[in-house]
Amino acid sequence: MALSLILSNCGETNASKISSLSIHTSVKSLMLGDTLKLSINNPKNLEITKVSYQINGKTIEDQSVLNDITLGKKEITATVNLGDKTETLSKSVQIFNNIIPSYYKYEVLNTYPHDITSYTQGLEFYNGELYESTGQRGESKLRKVNFETGEVLKNMNLEDEYFGEGLTILNDKIYQLTWQAKLGFVYDVNTFDKLSTFKYGTSKEGWGICNDGKTLYKSDGTEKIYFLNPKNLSEKGHIEVYTEKGKIPNLNEMEWIDGKIFANIYQRNGVVIINPKTGGVEGVIDFKPLRKLVTQHPELDVLNGIAYHPERKTIFVTGKNWDKVFEVKIMKQ
């Protein structure tokens, strides 16, 4: 069922207010794949010689099927020619996904030990080795871990001022985020030597990060996932994560699995499966029961940490201050 299209006058010029022109659409709801029909409200019957429309800077027709577009908040602009004068009108719009997410169940294949003091923020396999980033100021670490025994093979403590967040590894480089310092670190995967630092762009915080072999994908605790160029760490744009009902905020630790982004939702003990081309949520995995299978203690916190083992084709999940890592297989229900 389509949700209401949110349209509001936004950023109209003073001239447009004088002429009373505005953008009109007859649709009351909009989803990916719908046809957006646009026209100009012209109550004073002014002579309009030309109208051109754009959505987020991309030219569209007055009737456009919204297939090749990402979800979320968009800006529709209309450039209206009135003789020798030009006016620019704008309205904001939200586009929702056009499918209901599939529900996935899981089977626990194996259970492994995990450091109960690790406030897990990032988890990823690289060349068969498990790497982990942990948080909390004064306790944040970067680690390589034997996933079968829990033995810490390599450890580096972050400076006390930094709150460690997600990590991902590409071309023998570890990219690790910090939370509110607006700063990330790049390390040599073999030595843990710090190679460089990078500042965030328009994303305000560092939460989760993953990669597809070419591009880095970064979350900031909102519904947005940013694209980062691994060469200079600049933000190249973003997607917004939406279901057919609305946006999904609090996106946290992420993992790239078979062409999709798997993302933990902070405080929900679950994972959403995201289409990276649109931002649409295609699946949901409820890992809440796993929390009951770990040692219950005062510092126990939410699920966070998802790593794909490409050779075993299984997923490893854990949580903040959990004493176990679970190897699972997921199945669409």
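Residues numbered from 1 in each chain as written. Predicted model: local features only at pLDDT ≥ 70, side-chain atom pairs only at ≥ 80, totals over all residues. Heavy atoms only, no water.

(A) Focus on the overall build of the chain. Across its full length, the chain holds 1 helix and 28 strands. On the principal axes, the C-alpha backbone points of the chain span a range of 75 × 45 × 35 Å. Here the chain holds 333 residues, and 51% of them are scored as buried. Look at the contacts in the chain between residues 6 or more apart in sequence, and 54% of them connect residues 24 or more apart. (Helix = DSSP H or I, 4+ residues; strand = E, 2+ residues; numbered from the N terminus. Buried < 20%, exposed > 50% of the residue type's maximum accessible area, 1.4 Å probe, protein only. Contact = heavy atoms within 4.5 Å.)

(B) Main features of the pattern of salt bridges. Scanning the entire structure with this criterion turns up 5 salt bridges. As a salt-bridge pair, K324 and D323 come within 3.6 Å of each other at their nearest N and O atoms. Judged by its relative accessible area of 16%, D323 is buried. (Salt bridge = Lys/Arg side-chain N within 4 Å of Asp/Glu carboxyl O.)

(C) Representation of the sheet that holds strand β13 (residues 152-157). Strand order in the open sheet formed by 4 strands is β10-β11-β12-β13, with antiparallel pairing between adjacent strands. Every interior strand has two partners, whereas the edge strands, β10 (120-126) and β13, have only one. Mean inter-strand twist for the sheet, computed between neighbouring axes without regard to direction, equals 15 degrees. Note that strand β11 (residues 129-134) and strand β12 (residues 141-145) share 4 bridges and pair antiparallel. Residue pairing for β12: L130 is matched across the bridge by V145. (Pairing = 2+ DSSP bridges. Axes fitted to C-alpha atoms, helices over the stretch in contact; angles between N-to-C directions.)

(D) Up close: the environment of N190. With respect to the helices and strands, the residue N190 is situated in the loop between β16 (183-188) and β17 (194-199). With relative accessibility at 56%, the residue N190 sits in the exposed group. With 46 residues separating them in the primary sequence, N190 and K144 have C-alpha atoms 9.7 Å apart.

(E) Region of interest: the sheet that holds strand β6 (residues 63-65). Here we have 3 strands laid out as an open sheet, ordered β2-β3-β6, and antiparallel in their pairing. Strands with a single pairing partner mark the edges of an open sheet, and in this sheet they are β2 (22-25) and β6. Within this sheet the neighbouring strands show an average axis-to-axis angle of 30 degrees, counted without direction. Bridge count for β2 against strand β3 (residues 35-41) is 4 bridges, and the pairing is antiparallel. Its bridge partner being in β3, I23 is matched across the sheet by I40.

(F) Broad picture of the environment of R291. Inspection of the secondary structure puts R291 in the loop between β25 (281-286) and β26 (303-309). Counting along the chain gives 33 residues from R291 to K324, while the straight-line C-alpha distance between them is 9.6 Å. In this structure, R291 is in contact with N269, Q296, L300, D301, V302 and W322, ignoring residues within four places of it in sequence.

(G) Spatial organisation of the packing of aromatic side chains. A complete count under the given rule lists 17 aromatic pairs for this structure. Centroid distance F125 to F147: 5.5 Å. Interplanar angle 80 degrees. Geometry classified as edge-to-face. Taken as a pair, F125 in strand β10 and F147 in the loop between β12 and β13 lie far apart in primary sequence, 22 residues in all. There is no split in this pair, since F125 and F147 are both buried. With 6.2 Å between their ring centres and 55 degrees between their planes, F198 and Y200 make a pair best called tilted. Residue F198 is classed as buried on the basis of its relative accessible area, which comes to 5%. Put simply, the rings of Y112, F125, F147 and F316 touch in pairs and so form one group of aromatic residues. When the ring centre of Y200 is taken as origin, the NZ or CZ atom of K218, which lies over that ring, is 4.2 Å away. (Phe/Tyr/Trp six-rings, centres within 6.5 Å; stacked < 30°, edge-to-face > 60°. Lys NZ or Arg CZ within 6 Å of the ring centre and 35° of its normal.)

(H) The arrangement of the pairing of β11 in detail. Taken across its 6 residues, β11 has 5 buried, putting it largely inside the fold. Counted along the chain from β10 to the antiparallel partner β11, the turn is 2 residues long, and its residue N127 has a positive phi close to 55 degrees. Linkage of β11 to β12, two consecutive antiparallel strands, is achieved through a turn of 6 residues, within which Q136 is found at a positive phi near 80 degrees.

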